[in-house]
Amino acid sequence: MRLRHIKGAEEQIAESPYVIQDPQGLKGKWHEFFGNQNPIRIEVGMGKGKFIMELAEKNPDVNYIGIELYSSVLLRGLQKRSQLELSNIYFMRIDALELADVFDAGEVDRIYLNFSDPWPKERHARRRLTSREFLARYEEILADGGLVEFKTDNRSLFDFSLEEVKESGWELLVCTYVLHHDKALMEGNVMTEYELKCSNLRNPVHELVIRKPNRNAE
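Residues numbered from 1 in each chain as written. Predicted model: local features only at pLDDT ≥ 70, side-chain atom pairs only at ≥ 80, totals over all residues. Heavy atoms only, no water.

Q: Before we move on, can you summarise the layout of surface pockets with the specific residues and values?
A: In this structure, the second largest pocket encloses a volume near 300 Å³. Only helix H3 (50–58), strand E4 (108–114), strand E5 (142–152) and strand E7 (206–211) provide two or more residues apiece to the lining of the second largest pocket. By residue class, the composition of the lining of the second largest pocket is nine nonpolar, four polar and six charged. (1 Å grid on protein atoms, 1.4 Å probe; cavity = no way out; pocket = protein on both sides within 12 Å on 5 of 7 lines; lining within 4 Å. Points joined across faces, edges and corners; volume = space filled by probe spheres on them. Helix = DSSP H or I, 4+ residues; strand = E, 2+ residues; numbered from the N terminus. Nonpolar A, V, L, I, M, F, W, Y, C, P; charged D, E, K, R; others polar.)

Q: Account for unusual backbone geometry, with residues named and values stated.
A: Positive phi outside glycine occurs at Phe 115, with the angle close to 55 degrees. When you line up the elements, Phe 115 lands in the loop between E4 and helix H6 (132–141). Notably, Trp 119 is not glycine yet its phi reads approximately 40 degrees, a positive angle. One can find Trp 119 in the loop between E4 and H6. Exposure remark for Trp 119: the relative accessible area of 25% places this residue in the partly exposed category. (Buried < 20%, exposed > 50% of the residue type's maximum accessible area, 1.4 Å probe, protein only.)

Q: Any chance you could break down the pattern of salt bridges for me, citing the residues and the numbers?
A: By the definition in use, this model includes 12 salt bridges. Between Arg 41 and Asp 109 there is a salt bridge whose closest N-O contact spans 2.7 Å. In this pair, Arg 41 sits in strand E1 (residues 40–44) while Asp 109 sits in strand E4, placing the two residues 68 residues apart along the sequence. For Asp 109, a relative accessible area of 24% corresponds to the partly exposed category. Note that Arg 155 is salt-bridged to Asp 159, the shortest N-O span being 3.2 Å. Of this pair, Arg 155 and Asp 159 both sit in helix H7 (residues 155–168), separated by four residues, roughly a single helical turn. On the basis of relative accessible area, Asp 159 is assigned to the partly exposed category, the value being 29%. Residues joined by salt bridges that share partners form a network here, namely Lys 50, Glu 54 and Lys 58. (Salt bridge = Lys/Arg side-chain N within 4 Å of Asp/Glu carboxyl O.)

Q: Describe in detail helix H4 (residues 71–81), supporting the description with residues and values.
A: Among the 11 residues that make up H4, eight are buried, leaving the element largely enclosed by the rest of the structure. All buried positions along H4 are accounted for by Ser 71, Ser 72, Val 73, Leu 74, Leu 75, Gly 77, Leu 78 and Arg 81. If you follow the buried residues of H4, they end up packed against helix H1 (9–15), H3 and strand E3 (89–92). (Contact = heavy atoms within 4.5 Å.)

Q: Now, about the sheet that holds strand E6 (residues 171–176): what can you tell me, with residues and values included?
A: Read from one edge to the other, the open sheet built from seven strands follows the order E3-E2-E1-E4-E5-E7-E6, with strand pairing classed as mixed. Each having just a single partner strand, E3 and E6 make up the two edges of the open sheet. Strand-to-strand, the axes of this sheet are offset by a mean angle of 15 degrees, without reference to chain direction. Pairing analysis gives five bridges linking E6 to E7, with the strands arranged antiparallel. Note that in E7 the partner of Thr 176 across the bridge is Glu 207. On the sheet, H6 packs against E1, E4, E5 and E7 and is oriented at approximately 140 degrees with respect to E5. (Pairing = 2+ DSSP bridges. Axes fitted to C-alpha atoms, helices over the stretch in contact; angles between N-to-C directions.)

Any functional reading would require information that these geometric values do not contain.
Okay, here's the thing in structure tokens:
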């Protein structure tokens, strides 16, 4: 998908009080940054930010960090953020490859992956955010018992993800190919902008929830 670049987006992001400009300097210090010991949850590839901002509004006792690489997309999220009175959410413009440079071991409680780029060509499989390479990165920063929640409408990516989870030894807690038809799972479900479109078009949404493996028990 080609994204239209917004002139001046980088400058506005650099000046925004809602964007963490030097996240590497906060590694191991995120609770100090937020000024509390509340759990820290991150969304990798937050898009325009509807999902994570709604979570932050509903859960003031949780700290949220939205991660988005593309400046023009992040800028749209900042425009929404400026209209909210919240103290528990910030954004970062980094590549997901840098997660272990930004967060210390066990510093993150939960990771959200919503409708990530499927990278359909086989030679790009390692770039998929649910590949075993990325699962290993998540394992580095997640606390014991930490979760990854993943939603997509791409069946091939979902099936690929299930295989990667199995091969990586993560515990599969939730797996559904028809999230919007499951009343129990839909209770409290927060939708992204794209998920709303899927719902309106009646396209099936798939979801899995996995738990960080306990390597000490092996």
